[in-house]
Amino acid sequence: MLASKASAVRPSLAFILALMLVLPPAFLRGNNLLVLMLVMVLAAAVLGLIMPGLSLSGVRVRRQLPRHGRVGEPMRIRYQVSRDRGHFWPAFSVGIDEHLDGVEVDITQSAWLLHVASGDTVHGDLLFVPKTRGRLVLDRITAGTSFPFGLHRAKRRFGPRREVVVHPRTRPVPASLLRAARGAGLDGPRSSRARGQGDEWHGTRPARPGERLRDIAWRVSAHRDELVALERTCPRPPRMMVVLDLTRETASLDEADLEVARQLEEAAIECAASLLMEGHQSGDEVGLRVLGMEAAAHDPRRGSLHVDRMMTTLALLDLDAHRASPRMDCGDRSGVIVVQPDRIRPLAAMPGALHLSARTWRSRMETP
Amino acid sequence: MTIDRVFSWSGAALVLLSVLGVGVALDAPWMLLAGGGMIVAARLVTEGPRGRWLSRRVSLLCTLGAALLGIALIAQQPADPLGPIAIFAVCLTVIKCLERRTMENEAERLVLSFLLVALSAMISVEALFGLIFLLWVPLAILVLLLFQVQHGRTTARGGSQDALPRLRPAGRRARKHLAMSVASNIVLMAGLIIGLFLVLPRGLTPELSSAVAAGVARTSAGNSQRLDLVSGARIISTDTQVARVELRTGPEPLGGILRLRTGTMSDYSGKGDWTPSWTSHLREVSVGPSWTRLDTLPEGASFTLEIELMRPLEWLPVPPGIEQIKVDRFTRLQWDASRGIVGAASSAAPLRYEVQAIAGDMPAASNIKGHWEWHDASVLLLARRILEEAGLPIRAPSSPRSRLTWIDAACDAFVEHLRSGRYQYTLDLRRVGQSDAIRYSTDPVTRFLLEEPVGHCEYFAAGFTALAQSVGIPARIVTGFVAFDRDVEGRWIVRDRDAHAWAEVLTEPGRWEAFDATPSAGPLLHGQEADYSFAARWARLRSAIELWWYGDVMGYDAAAQRMMGDMIFPQWRVWLTDAWRWAGRQRERLDLFFGFGIVGTVWALVVAALALGGGFVLLRRRRRRRRLAAQVGLVGAGRGALAAVSFYGEALRLLERGGHAKPEATTPLAWAEELRVDRPACGDALAWLARCMYRRRFSLHDNTPDAQVELHMNELARALGVRRGRGR
């Protein structure tokens, strides 16, 4: 795929031209020097047809995949290329092509290895930038070489088929927006039931050496005649629920151009992903609801895996699917941000929610 | 050194070498200086990140200018367009070198380099160009290999060469492998080139090797019955030994110089073509290990020579005045008494023989006849002028005694004239007679005597003979060898370079006197010591290389190919013919056996086809067994173990035919799971078969009947929509 784009050099065509140039005069002029040139071309053709196949014998390729990719960010797939022992000809200039499907990508570098000898294991990287979210299908690996003369490219295919989810693009969100979203919840800072370093009282325990004086429960200690320390609760971070409102079909959005409407929906997904990521990085508990589509509901929690799951949910949203009627349960103790594609239509079920439209988001992101 | 740097340097060297080839082919040193200089300068200017190069537009304009120049040159010389095309190609190469360094431009430079060498090969077959070509081939292979590496890397980086890091093989092992790969590819290519060059069919056109003939000729003066003075070739000779001669009995020849004759020519048919006299007559004689008398000569001091030939010759070198001969085996020779030469068929030529001869000049037959007149008036005028300058009458005196004296004096005058320094001795005649004014109009002998006094010994001998014949003196050209070099045992060593031509004049009845008009420019001809200086050695080495190039490489034609075939497989033609006849006889016997038309032949053909088909099927089965063994990890296992899991191989083939080939790196059960998503029946059947295969493969408890395996195989085939049976 990349090779055809990158180069206009056609060695096989050059060989045929050379043959056509030398063949007639070699026989018609009776000149052995031209015969020598002709046999040189023929010998190169013979070797060029045989050697690439020999070089690739015993080569095995395996992928080392990342957990996921992200739109707009470079993604690397590493190939582990090993060669069985007992093959005399080392392989040179081995290119590894991957048939990618499902997601638009912009390949910046395909994997290429200078040298794979018998018994060696070497690595090559495929670098690309996904342009759309979704499920990136890695259909098959093709390892090929045209060394030594480029006349024929020997190829070997390797499997198996694999998939990687490409998450939506995330952008930095203004801090004011997050602050506003936090304020939209019913409560402010809370404490959890777990022990921690907060201010609320959780219980007592026997004091340990090195305990801070202010943590000693003096009265209880006097009462029990032993040093007792106070235990405090863990402060609980603010909660934020991102509600992606995709209840309206693409065609029924306030946008005449269907393509622009679809771009607005994608921008809404991007906005939701950015909010989730920014909230996670700020230490908030974040959750996700997708209204109008069959998608998993994620309650507010913390953790990378939780964020990955939400991103995967966003990545796999099929905008061509049928839109279902929304279920409006998003918890009552969270700051809610509702993201809608075209324009803000306040949801009756979420009176205190902060509403954002993808159009606003897009214009804001495009403003330098 | 990095691969980039080696590629860059070797690519530049390749282009430079091809321009050098064009310069040599066109004999244009200015092209080498201008083109080569431009290429070197271009390499320096375009190198590095601060390099400068021609823009596309300027490059196109320059190409247009070069094309116009080429067209103008072709218009000037429409008969010979190759030179202008080569000049245009050189200009194009220089422009390409001045362009930006991209892989496309590198490839175009490679193609242009090939084009330049091909054009040069069409123009010239010079040994020097051959040397350049032999250097160009391995360099071109190296550049091609490195180009593949560079091209692969650049393609992997999206075609951009900018900001690429230096490419260096990682570690000593990789460097060693790369060097080994380059070397082995060059060796393999060389082997293939030599092999293909030797076996590629020749003789498709009668002009094969005509280019060689136009460029150079081997020494033929030593063993030929014709002289051709129009070839315009360069005579090359080597130190190769032709014969060893030992004086058995009798006096030493004068000055220790031995003259051996192989032919005489006295009739001139014009256009530089000399032939033997029409009166000459070859007589067949049988000779053997005892003396055979060839001629009866007057009494005189005789001597005996033992001559050992190093290679068979068509005409045996013999001294003048030969009387008797004996050879090492019985054979038939041809004897011409009037010319004093002995011929032999090359295949049965004796390699050792002895001759007895009369010392002194060549005796002449009494009834000698010949064609002693020269019809060119200008040569006659020159001869008369020489005679006048020598104070001799321009016509022969009438009295026989005075006539003999006059002939002697006239011949000496002619020799003096030819050796006067006005005439130049050279073996390189490629430029002789090439002037437009004299190219097609003048006779070569007249040209040599009057217009362009440059030539080798044959020209001098022919000039002397022409002068002598023009004033009515019976004269003829003699070809043969003049040997003076001896080995430690005192034997004369006759070499290829000792080939010579001189003249004989019938100075008195019954006596041919030798006259050698060749000046001392042929240093070895006149008794001087052999030159062992560096220059002389280098000249001899060059001659040897040229002889190899022109004779063995350029002159390799259909005849040489047949000879080589006979040498390597002496009986191949016989074997081939015998095999063909044997097959024909067997076919006839079979037809007779069946007694009805060609039924026997048909039967034999059917049996042969069945045998071939059976062999093919067996081979295919063996391949499949090996493949299955590799797939299930039973390499080296017995046939029984493989037969137990052979159904799995068939299942894999069914999957392949059904468009669901199992990827190599996927386990059968995992693949069955994947298949289940779209084709549940297919996945189920494959999973069952895979489990069964595992049980049998690892010798677990398995009492699955084969019928059940067959049932699942049928089910898999049905689910895949393919038919079982083919390749089962």
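Source: prediction; values computed, not measured.

### Notes on the overall build of chain A
So, step 1. Along its length, chain A carries 8 helices and 17 strands.
So, step 2. For chain A, with 368 residues in total, the buried portion stands at 51%.
So, step 3. As displayed, chain A has an accessible area near 17800 Å², and 52% of this comes from carbon and sulfur atoms.

### Looking at the sheet that holds strand 9 (residues 292-293) of chain B
All names here are of chain B.
So, step 1. The strand order across the open sheet built from 6 strands is 9-12-15-10-4-20, with neighbouring strands paired in antiparallel fashion. Single-partner strands in this sheet number two, and they are strand 9 and strand 20 (492-495).
So, step 2. Inspection of the sheet shows strand 9 paired to strand 12 (residues 322-327) by 2 bridges, in the antiparallel sense. Bridge pairing in strand 12 links arginine 293 to glutamine 324.

### Some points on the side chain of Ser93(A)
So, step 1. With respect to the secondary-structure elements, Ser93(A) resides in strand 4 (residues 91-101).
So, step 2. Only 3.4 Å separates the side chain of Ser93(A) from the backbone oxygen of Gln148(B), close enough to count as a polar contact.
So, step 3. Among residues more than four places away in sequence, those in contact with Ser93(A) are Trp112(A), Leu113(A), Leu114(A), Gly144(A), Thr145(A), Gln148(B), Val149(B) and Gly152(B).

### Side note on the interface of chain B and chain A
So, step 1. At the interface, 69 residues of chain B touch 56 residues of chain A.
So, step 2. Between chain B and chain A lies a buried interface of about 5200 Å² when both sides are counted; carbon and sulfur atoms form 74% of it.
So, step 3. Of all residues in chain B, Phe114(B), Met122(B) and Gln148(B) bury the most surface against chain A, accounting for 12% of the area lost on that side.
So, step 4. For the pair chain B and chain A, the number of links is 1 salt bridge.

### Remarks on the packing of helix 18 (residues 646-657) of chain B against helix 21 (residues 706-720) of chain B
All names here are of chain B.
So, step 1. Between helix 18 and helix 21, whose axes approach to 10 Å, the crossing angle comes to 5°. Taken together, helix 18 and helix 21 sit at an angle that is classed as roughly parallel. Taken together, the residues of helix 21 that come into contact with helix 18 (itself represented by Phe647, Glu650, Ala651, Leu654 and Leu655) are Val709, Met713, Leu716, Ala717 and Leu720.
So, step 2. Here the residues of the contact of helix 18 with helix 21 are counted per class, giving 9 nonpolar, no polar and 1 charged.

### Here we look at the packing of helix 19 (residues 668-678) of chain B against helix 20 (residues 680-697) of chain B
Residues and elements named next belong to chain B.
So, step 1. At a minimum axis distance of 6 Å, the contact between helix 19 and helix 20 shows a crossing angle of 165°. Relative to helix 20, the element helix 19 lies roughly antiparallel. Judged by the sense of rotation from one axis to the other, the crossing of helix 19 with helix 20 is left-handed. Only Pro680, Cys682, Gly683, Asp684, Leu686, Ala687, Ala690, Arg691, Met693 and Tyr694 of helix 20 make contact with helix 19, whose side of the interface consists of Pro668, Leu669, Trp671, Ala672, Leu675, Arg676 and Asp678.

### Digging into unusual backbone geometry
Residue and element names in this part refer to chain A.
So, step 1. Between phenylalanine 147 and the following residue, proline 148, the backbone shows a cis peptide bond with an omega angle of 15°.
So, step 2. Mapping proline 148 onto the fold places it in the loop between strand 8 (134-145) and strand 9 (154-158).
So, step 3. Its identity is not glycine, yet aspartate 225 carries a phi of approximately 65°, on the positive side.
So, step 4. Here aspartate 225 lies in the loop between helix 5 (218-224) and strand 12 (228-236).

### Concerning the sheet that holds strand 22 (residues 511-515) of chain B
All names here are of chain B.
So, step 1. Here 5 strands make up an open sheet; going across it, the order is 5-19-21-22-16 and the pairing antiparallel. On the outer flanks of this sheet lie strand 5 (258-265) and strand 16 (362-363), each paired with one strand and no other.
So, step 2. Sheet contacts for helix 10 (residues 400-418): strand 21 (499-508) and strand 22; angle to strand 21, the most-contacted strand, approximately 155°.
So, step 3. Of the strands in this sheet, strand 19 (475-483), strand 21 and strand 22 are in contact with helix 12 (residues 457-470), which crosses strand 21 at around 15°.

### Details of the environment of Gly335(A)
So, step 1. Locating Gly335(A) in the fold gives a position in strand 16 (residues 335-340).
So, step 2. Residues Gly335(A) and Arg179(A) lie 156 residues apart in sequence; the distance between their C-alpha atoms is 9.6 Å.

### A look at the nonpolar core
So, step 1. If you look at the biggest cluster of nonpolar residues, it comprises 84 residues, and the most contacted ones within it are Leu36(A), Met37(A), Trp136(B) and Met189(B).
So, step 2. Here this core gets 16 residues from one element, more than from any other, and that element is helix 6 (residues 127-156) of chain B.
So, step 3. If you look at the next biggest cluster of nonpolar residues, it comprises 46 residues, including Trp374(B), Leu392(B), Phe448(B) and Val505(B).

### What about the environment of Thr304(B)?
So, step 1. Along the chain, Thr304(B) falls in strand 10 (residues 302-309).
So, step 2. There is a polar contact of 2.7 Å between the side chain of Thr304(B) and the side chain of Thr249(B).

### Some points on the pairing of strand 4 of chain A
All names here are of chain A.
So, step 1. Taking burial as the measure, the 11 residues of strand 4 include 8 buried ones, the bulk of the element.
So, step 2. Direction of pairing for strand 4 relative to strand 8: antiparallel, over a ladder of 6 bridges. Residue glutamate 98 lies in a different strand from strand 8, and its bridge partner there is isoleucine 141.

### Brief notes about a positive patch on the surface
So, step 1. A cluster of basic residues, Arg5(B), Arg166(B), Arg168(B), Arg172(B) and Arg175(B), forms a positive patch on the protein surface.
So, step 2. Locating Arg5(B) in the fold gives a position in helix 1 (residues 3-26).

### What to know about a nonpolar patch on the surface
Residues and elements named next belong to chain B.
So, step 1. Nonpolar side chains collect at one region of the surface, where Leu134, Phe534, Trp538, Leu541, Ile545 and Trp548 lie side by side and expose about 660 Å² of accessible area between them.
So, step 2. Per-element accounting of the nonpolar patch gives the leading share, 5 residues, to helix 13 (residues 534-554).
So, step 3. Position of isoleucine 545 relative to the elements: it lies in helix 13.
So, step 4. We classify isoleucine 545 as partly exposed; its relative accessible area is 37%.

### Overview of the pattern of salt bridges
So, step 1. A full pass over the atoms with the stated rule returns 53 salt bridges over all chains.
So, step 2. We note a salt bridge from Glu255(A) to Arg359(A), for which the minimum N-O separation is 3.1 Å. Here Glu255(A) is found in the loop between strand 13 (239-245) and helix 6 (258-281), whereas its partner Arg359(A) is found in helix 8 (residues 358-366), with 104 residues between them in sequence.
So, step 3. Close ionic contact of Glu308(B) with Arg244(B) constitutes a salt bridge, the shortest N to O distance being 3.6 Å. Remark: Arg244(B) occurs in strand 4 (residues 241-249) and Glu308(B) occurs in strand 10; sequence separation between them is 64 residues.
So, step 4. On the basis of relative accessible area, Arg244(B) is assigned to the partly exposed category, the value being 21%.
So, step 5. Look at the salt bridges and you will find they share partners, linking Arg244(B), Arg248(B), Glu306(B), Glu308(B), Arg352(B) and Glu354(B) into a network.

What counts and how
- The residue numbering used here restarts from 1 in each chain and proceeds along that chain's sequence as written.
- Chain A is the first chain written and ligand 1 is the first ligand written, with later ones labelled in order.
- With the structure being a predicted model, the display of local features is reserved for residues of pLDDT at least 70 and the display and counting of side-chain atom pairs for 80 or more, all residues being used for whole-chain, interface and lining totals.
- Only heavy atoms go into the side-chain values, all of them from the structure, while hydrogens and water stay out.
- To qualify as a helix, a DSSP run of H or I must reach at least 4 residues; to qualify as a strand, a run of E must reach at least 2; elements of each kind are numbered from the N terminus.
- Relative accessibility under 20% of the residue-type maximum defines a buried residue, over 50% an exposed one, and the middle range a partly exposed one, all with a 1.4 Å probe and only protein chains included.
- A 1.4 Å probe and the Shrake-Rupley method give the accessible areas. Residues count as covered only by the protein chains that appear here.
- When DSSP finds two or more bridges between two strands, those strands count as paired.
- In protein, a polar contact requires one atom able to donate a hydrogen and another able to accept it; more generally it is a pair of N or O atoms within 3.5 Å, and residues adjacent in sequence count only if both atoms are side-chain atoms.
- By definition in these notes, contact holds between two residues if any of their heavy atoms fall within 4.5 Å.
- Summed over both partners, the accessible area lost on bringing two parts together, with a 1.4 Å probe, is the buried area.
- Here, a salt bridge means any side-chain nitrogen of Lys or Arg that lies within 4 Å of a carboxyl oxygen of Asp or Glu.
- Whenever a helix is involved, its axis is fitted only over the stretch in contact; in every case the axis is a line through C-alpha atoms, and angles between N-to-C directions fall within 0 to 180 degrees.
- Relative orientations are named as follows: roughly parallel for angles under 35 degrees, roughly antiparallel for angles over 145 degrees, roughly perpendicular for angles from 65 to 115 degrees, and oblique for any other angle.
- Put simply, Ala, Val, Leu, Ile, Met, Phe, Trp, Tyr, Cys and Pro go in the nonpolar bin, Asp, Glu, Lys and Arg in the charged bin, and everything else, Gly too, in the polar bin.
- Crossings are assigned a handedness: left-handed for a near helix turned anticlockwise from the far helix by less than a right angle, right-handed for a clockwise turn.
- Here, nonpolar core refers to any group of buried Ala, Val, Leu, Ile, Met, Phe, Trp, Tyr and Cys residues whose side-chain atoms link them within 4.5 Å.
- Only residues whose relative accessible area exceeds 30% and that form no salt bridge enter a patch; like-charged residues are grouped when within 9 Å of one another, and nonpolar side chains (Val, Leu, Ile, Met, Phe, Trp, Tyr) when within 5 Å.
- Two residue types count as positive, namely Lys and Arg, and two as negative, namely Asp and Glu; His and chain ends fall outside the count.
- The atom standing in for a charge is NZ when the residue is Lys, CZ when it is Arg, CG when it is Asp and CD when it is Glu.

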